Amino acid sequence: FNAIKIKRTPPSGVRRLSKADTQSLIHAAGSCRDQLMQPLIILALETGMRSGELLSLEWGGVDFKHHQISLQKTKSSYPRQIPMTHTSEGVLRGLWKASEAQEGLLFDLSPNAVRLAFGRIRKRCGLTGVRFHDLRHEAISRWFERGLTMPEVAAISGHRSLSQLMRYSHEDTKALANKIRRWMSS
């Protein structure tokens, strides 16, 4: 019995978001009807959390004292701790102050509402090929560029294998070329 071989198409190249792209998304989200879209986008870029993780995040998982977010509901079913950056902590403190109850969910948004709102935001920015999940790719790529090790990034992102993690890392080739030139000239 001969095995049938299925030709797989290689994954398409992921377009990195420039600083201007991310600023454009954040700015456009600021004028969105739903005021929660801007903090949602910023937190996605800062924490690398999936949209489902962000939408299921409860105030009980936000620890300002230890500067971390505890995720209990994850895609992999493994809970994890995400360190807060200064930016993410500032966004979370702003949401905390604006919140009436400071308990329950941080984002009272449905996945469909986020999908539709993000579609309108990216259209305003002219970034039609960008998906919300690309913010996670961008966050993970930036962590590697800032010098975090694979185990450190995996601990934050929740990836259980190196092959999974590497699908999310997209090195900035210009920065890589500069790094190689510096190395070769020393």
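What you see is a predicted model, and the numbers here were worked out from it, not measured in a lab.

Scanning the chain from terminus to terminus reveals 9 helices and 3 strands. In sequence order, the secondary structure elements of the chain are arranged as α-α-α-β-β-β-α-α-α-α-α-α. Scored against the burial criterion, the 186 residues of the chain give a buried share of 39%. Taking the contacts inside the chain whose residues are at least 6 apart along the sequence as the reference set, 62% of them involve residues at least 24 apart. When the accessible area of the chain is evaluated, it comes to approximately 11900 Å², of which 54% is carbon and sulfur surface.

Right, let's talk about helix α5 (residues 111–125) for a bit. Owing to its 3.6 residues per turn, the α-helix brings residues three or four apart onto one side. A rise of 1.5 Å per residue sets the reference length of α5, with its 15 residues, at 21 Å; its end C-alpha atoms lie 21 Å apart and thus fit the reference within 8%. Looking at α5, one finds that the buried residues are Val114, Ala117, Phe118, Ile121 and Cys125. Around the axis of α5, the buried residues are gathered within 105° of arc, so they sit on the same side. Across α5 from its buried face, at more than 90 degrees, point the exposed residues Arg115 and Lys123. Just past α5, the residue Gly126 takes up positive phi, approximately 75°.

A few words now on the pairing of strand β2 (residues 68–71). When a strand is regular, its side chains alternate between the sheet's two faces. Judged by which residues are buried, β2 turns out to be one-sided: Ile69 and Leu71 face inward and are buried, whereas Gln68 and Ser70, on the alternate face, are not. The sheet contact formed by strand β1 (residues 62–63) and β2 spans 2 bridges and is antiparallel. Looking at β2, one finds that Val62 is bridged to Ile69. Two elements, β2 and strand β3 (residues 80–83), share 4 bridges in a ladder whose sense is antiparallel.

All right, on to the packing of aromatic side chains then. Applying the stated rule across the entire model yields 3 aromatic pairs. An angle of 75° between the planes, with centres 6.1 Å apart, marks the rings of Phe64 and Trp96 as edge-to-face. Here Trp96 lies in helix α4 (residues 86–98) and Phe64 lies in the loop between β1 and β2, a separation of 32 residues in the sequence. These aromatic residues form a ring-pair network of at least three members: Trp59, Phe64 and Trp96. Taking NZ or CZ as reference, Arg160 lies 3.6 Å from the ring centre of Tyr78, over its face.

The residue His27 is located in helix α1 (residues 19–30) in this model. Expressed as a C-alpha distance, the spacing of His27 and Ile121, which sit 94 residues apart in the sequence, is 9.2 Å.

Here we take up unusual backbone geometry. Located in the positive-phi region is His67, a residue other than glycine, with phi close to 55°. On the secondary structure map, His67 appears in the loop between β1 and β2. In this structure His67 comes out as partly exposed when scored by relative accessible area, which is 39%.

Bringing a nonpolar patch on the surface into the picture now. Together, Met150, Leu162 and Met166 give the surface a local cluster of nonpolar side chains, amounting to about 260 Å² of exposed area. For Leu162, the location among the structural elements is in helix α8 (residues 162–166).

Turning our attention to the packing of helix α6 (residues 134–145) against helix α7 (residues 150–157). In the contact formed by α6 and α7, the axes pass within 10 Å of each other and the chain directions differ by 150°. It follows from the interaxial angle that α6 and α7 lie roughly antiparallel. In terms of crossing hand, the pair formed by α6 and α7 is right-handed. Where α6 approaches α7, its residues Arg136, Ile140, Trp143 and Phe144 are matched on the opposing element by Met150, Val153, Ile156 and Ser157. Within the contact of α6 with α7, the residues separate by chemical class into 6 nonpolar, 1 polar and 1 charged.

Ranked by internal contacts, the top residues of the largest apolar core, which has 47 residues, are Met37, Leu40, Ile41, Phe107, Phe132 and Leu135. Looking at this core, the elements with two or more residues in it are α1, α2 (37–47), α3 (51–56), β2, α4, α5, α6 and α7. For this core, the leading source of residues is α2, giving 7 residues. Ignoring anything within four residues of it in the chain, the contact list for Ile41 reads Leu25, Ile26, Ala29, Phe118, Ile121, Phe132 and Leu135.

Rules used in this analysis
- Position numbers for residues count from 1 along each chain, tracking the sequence in the order it is written.
- With pLDDT at 70 or above as the cut-off, local features in this predicted model cover only qualifying residues; side-chain atom pairs require 80 or more to be listed or tallied, and sums for whole chains, interfaces and linings still use all residues.
- To obtain the side-chain values, all non-hydrogen atoms of the structure were used and water was disregarded.
- The helix and strand labels rest on DSSP assignments: H or I over at least four residues marks a helix, E over at least two residues marks a strand, and numbering proceeds from the N terminus.
- We call a residue buried when its accessible area falls under 20% of the maximum for its residue type, exposed when it is over 50%, and partly exposed in between, using a 1.4 Å probe and counting protein chains only.
- In this analysis, two residues are considered to be in contact whenever any of their non-hydrogen atoms come within 4.5 Å of each other.
- All accessible-area figures derive from a Shrake-Rupley calculation using a 1.4 Å probe, and residue coverage is judged against the displayed protein chains alone.
- Here, expected helix span is obtained from the residue count minus one, scaled by 1.5 Å.
- The arc in question is formed by the directions pointing from the helix axis toward the C-beta atoms.
- Paired strands, as defined in this entry, are two strands with at least two bridges between them according to DSSP.
- Each Phe, Tyr or Trp ring (for Trp, its six-membered ring) is paired with any other whose centre lies within 6.5 Å, and the angle between the two planes then decides the class: stacked below 30 degrees, edge-to-face above 60, tilted in between.
- Our definition puts a charge over a ring when NZ of Lys or CZ of Arg is within 6 Å of the ring centre and also within 35 degrees of the ring normal.
- Patch membership requires more than 30% relative accessible area and the absence of a salt bridge. Residues of like charge join within 9 Å; the nonpolar side chains Val, Leu, Ile, Met, Phe, Trp and Tyr join within 5 Å.
- Throughout this description, the term salt bridge denotes a Lys or Arg side-chain nitrogen within 4 Å of a carboxyl oxygen of Asp or Glu.
- In this analysis an axis means a line fitted to C-alpha atoms, helices contributing only their contacting stretch, and an angle means the value between N-to-C directions, from 0 to 180 degrees.
- For classification, angles of less than 35 degrees are called roughly parallel, those exceeding 145 degrees roughly antiparallel, those between 65 and 115 degrees roughly perpendicular, and all remaining angles oblique.
- Take the far helix as your reference; a near helix turned counterclockwise from it by less than a right angle gives a left-handed crossing, and one turned clockwise gives a right-handed crossing.
- Side-chain classes are defined by residue name, with Ala, Val, Leu, Ile, Met, Phe, Trp, Tyr, Cys and Pro counting as nonpolar, Asp, Glu, Lys and Arg as charged, and the others, Gly among them, as polar.
- To form a nonpolar core, buried Ala, Val, Leu, Ile, Met, Phe, Trp, Tyr and Cys residues must be joined to one another through side-chain atoms within 4.5 Å.

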